[in-house]
Amino acid sequence: MDNKVIITCAITGAETTKAMQPALPVSPEEIAQGAFEAWEAGASVLHLHVRKEDGTPTQDVEVFKKAIALVRAKCDLVIEVTTGGAAWMTPEERLQPVTLNPEMASLDCGTVNFGDEHIVNTLPIMRQFAKEMKERGVRPTLECFDLGHVYASHILIKEGLLEEPYHYGLVLNVPGAAKYEMDVLEFLVRKLPKGAHFTAFGIGGKANVDSIYGTLALGGNIRVGFEDNIYYSKGRLAKSNAELVERAARIAKDCGRELARPEDVRALLKLRKAQ
Ligand code: ZN
């Protein structure tokens, strides 16, 4: 597994709209097709947000259930549901998809600015999320947008709310939080618990491509997709999520890495079988 890299595809997110990126998958059917194409292109994990019919973000379990079933019918991607949701949602609302016992879920490790908006994650909220995931055997991706978030995750570990192997998502370049810069990424990685796995990615076109090289250099994993970046290059929208995955796969292979397949991720992160 040492030489294998995991590509996560975050195909929809909460903020991107079809007006910004016409190829954005929004309905469960579009999500399943986009996920399948990303899987074919080399992704092994799907980071999943869902939308209402009018395109607004929702944490409704029924919509998640439908999207997950349609993805499962097409391919064996590992599914990581969001518990970040969208900026205005309550913690209870955000936590809902975890009740479906997915293999993985994101767990935001601190309050963070999202441009002019913000998402609140106090320690009590984080404990509630971590406890729910632990009880259900859901592997959290510990999303850290800033240095303090990494230290907050250490508190959860100390309290016995997280189990090894740890998997971090280092999210950089969100406006109002830590930037994607190589020395910032390197510093964050140094502060992770020994043996932790991580996926690091910059938000926005340039940072997103730069972060592929940065994370590979530090032994980490890759995340691409329309949640984080809608462009292939400056001024040129990506044709699909799969086009972004294809490039990430090509870069990883050029750097001498093999692509992890979903079964590799299940073994590496010790995921329990999805229900
Ligand atoms: Zn997300």
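This structure is a prediction, so every number in the text was calculated from the model and none was measured. (Residues numbered from 1 in each chain as written. Predicted model: local features only at pLDDT ≥ 70, side-chain atom pairs only at ≥ 80, totals over all residues. Heavy atoms only, no water.)

**Student:** Sorry, what's going on with the packing of aromatic side chains here?
**Tutor:** Note on aromatic pairs: each is described by the distance of the centres and the angle between the planes. Under the definition given, this model contains two aromatic pairs. With centroids separated by 5.7 Å and ring planes inclined at 65 degrees, the aromatic side chains of Phe114 and Phe145 adopt a geometry described as edge-to-face. With Phe114 in strand β8 (residues 112-114) and Phe145 in the loop between β10 (139-144) and α5 (147-158), the pair connects residues that are 31 residues apart, well separated along the chain. Seen from the ring of Tyr232, Arg247 lies directly overhead, with NZ or CZ sitting 4.0 Å from the centre. (Phe/Tyr/Trp six-rings, centres within 6.5 Å; stacked < 30°, edge-to-face > 60°. Helix = DSSP H or I, 4+ residues; strand = E, 2+ residues; numbered from the N terminus. Lys NZ or Arg CZ within 6 Å of the ring centre and 35° of its normal.)

**Student:** Any chance you could explain the environment of Arg136 here in plain terms?
**Tutor:** You can see Arg136 is positioned in helix α4 (residues 123-136). What makes Arg136 partly exposed here is its relative accessible area of 27%. For the pair Arg136 and Asn101, spaced 35 residues apart in sequence, the C-alpha separation works out to 6.2 Å. With residues near it in sequence (within four places) discarded, Arg136 still touches Val98, Thr99, Asn101 and Arg272. (Buried < 20%, exposed > 50% of the residue type's maximum accessible area, 1.4 Å probe, protein only. Contact = heavy atoms within 4.5 Å.)

**Student:** Looking at this model, I keep getting lost on empty space enclosed by the protein. Mind explaining?
**Tutor:** One water molecule sets the probe size; rolling that probe over the atoms shows where empty space is left. For the structure shown, the criterion picks out one cavity of 30 Å³ or more. Taken as a whole, the largest cavity encloses approximately 50 Å³ of empty space. Residue lining of the largest cavity: Thr8, Glu80, Thr141, Glu143, His167, Gly169, Thr199, Phe201 and Arg223, and that is the complete set. For the lining of the largest cavity, the secondary structure elements donating two or more residues are β10, β11 (167-172) and β12 (197-202). Residue classes in the lining of the largest cavity are distributed as one nonpolar, five polar and three charged. (1 Å grid on protein atoms, 1.4 Å probe; cavity = no way out; pocket = protein on both sides within 12 Å on 5 of 7 lines; lining within 4 Å. Points joined across faces, edges and corners; volume = space filled by probe spheres on them. Nonpolar A, V, L, I, M, F, W, Y, C, P; charged D, E, K, R; others polar.)

**Student:** Would you mind going over the coordination of the zinc ion with me for this structure?
**Tutor:** Geometrically, a metal with four donors at the corners of a regular tetrahedron has ideal angles of 109.5 degrees, and one with six donors at the corners of a regular octahedron has ideal angles of 90 or 180 degrees. Within the protein, the zinc ion binds to His47 (NE2), His49 (NE2), Glu227 (OE) and Glu227 (OE); these donor distances fall in the range 2.0 to 2.7 Å. Between the four donor atoms coordinating the zinc ion, the angles at the centre fall across 52 to 125 degrees, so the site counts as irregular. With a relative accessible area of 2%, His47 lands in the buried category. (Donors = N, O, S within 2.8 Å, 3.2 Å for Na, K, Ca; no water. Tetrahedral: all angles 85-135°; square planar, octahedral: opposite > 155°, others 65-115°.)

**Student:** So what exactly am I meant to see when it comes to the nonpolar core here?
**Tutor:** Soluble globular proteins tend to pack their nonpolar side chains together in the buried interior. By size, the foremost hydrophobic cluster in this structure holds 72 residues, and its most contacted members are Ile7, Leu48, Val71, Leu107, Tyr168, Leu170 and Ile222. With seven residues, the single largest contributor to this core is helix α8 (residues 241-254). (Core = buried A, V, L, I, M, F, W, Y, C linked by side-chain atoms within 4.5 Å.)

**Student:** Is there a simple way to think about the sheet that holds strand β2 (residues 7-10) in this case?
**Tutor:** Two modes of strand pairing occur in sheets, parallel and antiparallel, and in both the strands are linked by backbone hydrogen bonds. The parallel closed barrel is built from eight strands, whose spatial order is β2-β3-β6-β7-β10-β11-β12-β13. Averaged over all adjacent pairs, the angle separating strand axes in this sheet is 25 degrees, with direction ignored. Bridging between β10 and β11 involves four bridges; their strand directions are parallel. Note that in β11 the partner of Leu142 across the bridge is Tyr168. Packing of helix α6 (residues 182-190) onto the sheet brings it into contact with β11 and β12, and relative to β11 it is tilted by some 155 degrees. Against the sheet, α8 makes contact with β2 and β13 (221-224), and its axis sits at roughly 160 degrees relative to β2, the strand it touches most. (Pairing = 2+ DSSP bridges. Axes fitted to C-alpha atoms, helices over the stretch in contact; angles between N-to-C directions.)

**Student:** What is the right way to look at the pairing of β12 in this model?
**Tutor:** Looking along a regular strand, one sees the side chains alternate between the two faces of the sheet. Summarising burial for β12: five of the six residues are buried, a large majority. The β-α-β motif built from β11, the intervening α6 and the parallel element β12 has right-handed crossover chirality. Two elements, β12 and β13, share two bridges in a ladder whose sense is parallel. What sits directly across from Thr199, in β13, is Asn221. Tracing the backbone out of β12, into helix α7 (residues 205-217) and back to the parallel element β13 gives a crossover that is right-handed. (Right-handed = clockwise from strand over helix to strand, strands pointing away.)

**Student:** So what exactly am I meant to see when it comes to the packing of α4 against α5 here?
**Tutor:** For any two helices packed against each other, the geometry comes down to the angle between their axes and how far apart the axes lie. At a closest axis distance of 11 Å, the pairing of α4 and α5 adopts a crossing angle of 55 degrees. Compared by their axis directions, α4 and α5 come out oblique. Here the hand of the crossing between α4 and α5 comes out right-handed. Residues Leu123, Met126, Arg127 and Ala130 of α4 form the contact with α5, whose participating residues are Ala152, Ile155 and Leu156. (Parallel < 35°, antiparallel > 145°, perpendicular 65-115°, else oblique. Left-handed = near helix turned anticlockwise from the far one by under 90°.)

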